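Observations on the model geometry
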Amino acid sequence: MSEIKWKATRDGYGDALVEMGAQDERIVVLGADLTDSTRALWFAQKYPDRFFDFGIAEQNMLNAAAGFALAGKIPWVSTYGVFVAGRAWDQIRTTTCYSNLNVKIGGAHGGISVGPDGATHQALEDVATMRVLPNMTVIVPADYYETKKAVIWACKHVGPVYVRFGREPVPVVTKLDDPFIMGKANLINDGTDVTIINNGPVLWECMKAVHTLREKGISARLANMHTVKPIDRETIAKAARETGAIVTVEEHQVMGGFGSAVAEVVVQTCPVPMRFIGIQDRFGESGTPEELFEEFGLTARHIVAAVEDVLKAKRG
Amino acid sequence: MVDQAKVEELKRIAHRIRCDIIWALAHAQSGHPGGSLSATDICVALYFYALKHDPKACQWEGRDRVIFSKGHVSPLIFSLLAESGYIPREELRTFRKFGSRLQGHPNVECPGIEVGTGSLGQGLSIAVGLALGLRMDGKPNRVYCIMGDGENQEGSTWEAIMSAGHYKLDNLCVILDNNGLQIDGWVEDVMGLQPLADKWRAFRWHVIEIDGHDMAQCMEALDQAKQVKGQPTVIIAKTVKGKGVSWMENMAEWHGKAPKQDQCREALKELACPAEYFDF
Ligand SMILES: Cc1ncc(C[n+]2csc(CCOP(=O)(O)OP(=O)(O)O)c2C)c(N)n1
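The structure contained in this document is the topic of the report that follows. On a predicted model such as this, the values are computed, not experimentally measured, just so you know.

Considering the packing of helix H1 (residues 4-28) of chain B against helix H8 (residues 215-227) of chain B
All names here are of chain B. At a closest axis distance of 9 Å, the pairing of H1 and H8 adopts a crossing angle of 110 degrees. As summarised for this structure, H1 and H8 are arranged roughly perpendicular, according to the angle between their axes. Contacts from Lys6, Val7, Leu10, Lys11 and Ala14 in H1 reach Met215, Ala216 and Met219 in H8. Looking at side-chain class alone, the contact of H1 with H8 contains 6 nonpolar, no polar and 2 charged residues.

Below is the structure:
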């Protein structure tokens, strides 16, 4: 565990864009005055003719992206999750999703881990607003490699995709040769008492929690579910059947987000007790990622407590 | 003619505010220096000359309202509030820290802040509604909105500009910090806005163009705005991003990056800040 590499998921986004830019000339990148911090800059430097800065004008940029798609391009819109999934939601809904256009959205600086910028810049609702849109695929990768693979996958997929990533370096916990199958979770650890289903860069905390639980004699299954939509119904139903209790983990509001998506499947397949780790109906605030994870209840300690609580419910 | 003694006093305040901005950034090690330093002079003229307010009673009915549409200049905003007496100056040490009232972008937990901002292109719409509401009730209060030039790229900004012109909101005054830069570079290169003044004029605004670092001009513009009838006023203040710290001036890279601690010391030295500013 000592040799953990740390790398920001946004770097995976930037690297994948550069790599795919070489393979497919149809790829264009659109920015809104946040070129460097979203890592779209790396693409812009390599392919200046295929990068377009729209200035601070997200609504215009989103519909322009739809126009690029109509022209046969593969546009990647690159800005912060808050400014795209919130401000330009109607443009995404009615132009891109309704006509099922091939628009890709990079939602940067997702979650509270953005840190000192505070609530206005911390996207905590984007997964919810994107996942209600028909035709939209929503992916929240857990680390650098997974982000890269998600972006590469999205470039090849035809249809709207929202990929959400973060600013801060996080432990690289998946491996280069782990499979990335859209809509299919990866099993990190098998177990029998409870299943923890993770979404996004909180995976490292889940792994620590599994470790602690093992020491307490609790056998936890851990699944990493990068795709929020379409959701992996099979893995969820199986977890409910075989372990009888589920805890979801996400760096997002629990209302309407990933945990809600999992619960929708659980109640329709095999109802079992659940607990939700995530932001509990609050806005974020300024602080370091560590302080915020502690305050908002996203650390291994909180996951362990949620597991212990759901196990009580399971035993009745 | 403006009062020369007042000009000198405001210049001294502006100097302290610049010191405070760097000091707050030194403690936070994050934040936005460029647009804070460019808007300092005109905002000092606003707060310490033109504005009707009572820092001891921040909800006073008779107060003029200030909406900082460019919420990222929070180091400037909080320094203005500290200098005015809304918050203790010491509190600037907690800027952007966990648990602080002084968040990365301003919110209503901080006394003197009317509304949380930070998503660009929203402030002017708020100001328009506020100005309309105050006018409906026959209130004399004025509404000021501080915006960036890059922010004019937001489409919703123009919806707000159009509505203010339409409703002849002469109780509304925009201060446009025209420093010519945004994050990705020069506004004219990223998404050109020129002729900016003509655009505002076309939307039925009274336009005043000034040198935003000339304190007498700032005061005169604010005076003039109060006299304009039947139209909202925009003061297009030509400024220099990063003004006051030579190596930050006109450099896009200093938009949203905090100087390292030794750079803060350099900046404080260049500003000739008193010794007590070096305690971080
Ligand atoms: C809707 C929205 N998009 C993007 C951003 C990120 N952002 C913060 S400041 C800024 C540049 C602002 O430029 P300008 O309005 O010229 O302000 P100034 O130069 O005075 O700082 C950007 C793009 C934001 N805060 N809100």
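So much for the structure itself; the text now carries on.
Focus: the pattern of salt bridges
All names here are of chain A. Considering all chains together, one arrives at 34 salt bridges over all chains under this definition. Between Glu242 and Arg221 there is a salt bridge whose closest N-O contact spans 2.7 Å. Here the residue Glu242 occupies a position in helix H9 (residues 233-243), and Arg221 occupies one in strand S11 (residues 220-224), the gap between them amounting to 21 residues.

Notes on the packing of aromatic side chains
Summed over all chains, the structure comprises 14 aromatic pairs over all chains. Geometrically, the ring pair formed by Tyr13 of chain A and Phe165 of chain A is stacked, given 4.3 Å between the ring centres and 25 degrees between the ring planes. A residue pair is termed long-range when its members are at least 10 positions apart, and Tyr13 of chain A in helix H1 (residues 9-23) and Phe165 of chain A in the loop between strand S7 (161-164) and strand S8 (169-171) qualify at 152 residues. A relative accessible area of 2% means that Phe165 of chain A is categorised as buried. Here Phe78 of chain B and Phe95 of chain B contribute two aromatic rings whose centre-to-centre distance is 5.9 Å and whose plane-to-plane angle is 70 degrees, an arrangement assigned as edge-to-face. A residue pair is termed long-range when its members are at least 10 positions apart, and Phe78 of chain B in helix H3 (residues 74-84) and Phe95 of chain B in the loop between H3 and helix H4 (123-136) qualify at 17 residues. For the pair Phe78 of chain B and Phe95 of chain B, one class covers both residues: buried. An aromatic cluster is defined as three or more aromatic residues linked by ring pairs; in this entry it consists of Trp158, Trp200, Phe203 and Trp205 of chain B. Sitting over the face of the ring of Tyr144 of chain A, Lys7 of chain A holds its NZ or CZ atom 4.1 Å from the ring centroid. The residue whose ring lies beneath Arg282 of chain A is Phe296 of chain A, and the NZ or CZ to ring-centre distance is 4.2 Å.

Some points on the interface of chain A and chain B
Contacts between chain A and chain B engage 24 residues on the former and 25 residues on the latter. Of the roughly 1,900 Å² buried where chain A meets chain B, counting both sides, 47% is carbon and sulfur surface. Counting across the interface, chain A meets chain B through 2 salt bridges. With a closest N to O distance of 3.4 Å, Glu154 of chain B and Arg87 of chain A form a salt bridge. On inspection of chain A and its partner chain B, the count reaches 15 residue pairs in polar contact (both at pLDDT 80 or more). Counting only elements with at least two residues in the side of chain A that touches chain B, the list comes to helix H3 (58-70) and helix H11 (289-295) of chain A. With 3 residues, the single largest contributor to the side of chain A that touches chain B is H11 of chain A. The residue inventory of the side of chain A that touches chain B, partitioned by class, reads 7 nonpolar, 8 polar and 9 charged.

Section: the layout of surface pockets
Empty space within the largest pocket amounts to approximately 1,100 Å³. Around the largest pocket sit 47 residues that line it, and Tyr80 of chain A together with His32, His255, Gly256 and Lys257 of chain B are the ones nearest its centre. For the lining of the largest pocket, the class distribution of residues is 13 nonpolar, 17 polar and 17 charged. The space that makes up the second largest pocket amounts to roughly 500 Å³. Lining the second largest pocket are 23 residues, and of these Ala119, Thr120 and Phe283 of chain A together with Gly116 and Thr117 of chain B lie nearest its centre. Split by residue class, the lining of the second largest pocket holds 8 nonpolar, 12 polar and 3 charged.

Parameters at a glance
- Residues numbered from 1 in each chain as written.
- Chains lettered and ligands numbered in written order.
- Predicted model: local features only at pLDDT ≥ 70, side-chain atom pairs only at ≥ 80, totals over all residues.
- Heavy atoms only, no water.
- Axes fitted to C-alpha atoms, helices over the stretch in contact; angles between N-to-C directions.
- Helix = DSSP H or I, 4+ residues; strand = E, 2+ residues; numbered from the N terminus.
- Parallel < 35°, antiparallel > 145°, perpendicular 65-115°, else oblique.
- Contact = heavy atoms within 4.5 Å.
- Nonpolar A, V, L, I, M, F, W, Y, C, P; charged D, E, K, R; others polar.
- Salt bridge = Lys/Arg side-chain N within 4 Å of Asp/Glu carboxyl O.
- Phe/Tyr/Trp six-rings, centres within 6.5 Å; stacked < 30°, edge-to-face > 60°.
- Buried < 20%, exposed > 50% of the residue type's maximum accessible area, 1.4 Å probe, protein only.
- Lys NZ or Arg CZ within 6 Å of the ring centre and 35° of its normal.
- Buried area = accessible area lost by both parts, 1.4 Å probe.
- Polar contact = N/O pair within 3.5 Å; in protein donor to acceptor, adjacent residues only side chain to side chain.
- 1 Å grid on protein atoms, 1.4 Å probe; cavity = no way out; pocket = protein on both sides within 12 Å on 5 of 7 lines; lining within 4 Å.
- Points joined across faces, edges and corners; volume = space filled by probe spheres on them.

Take it as geometry only, folks, not as evidence of what the structure does.
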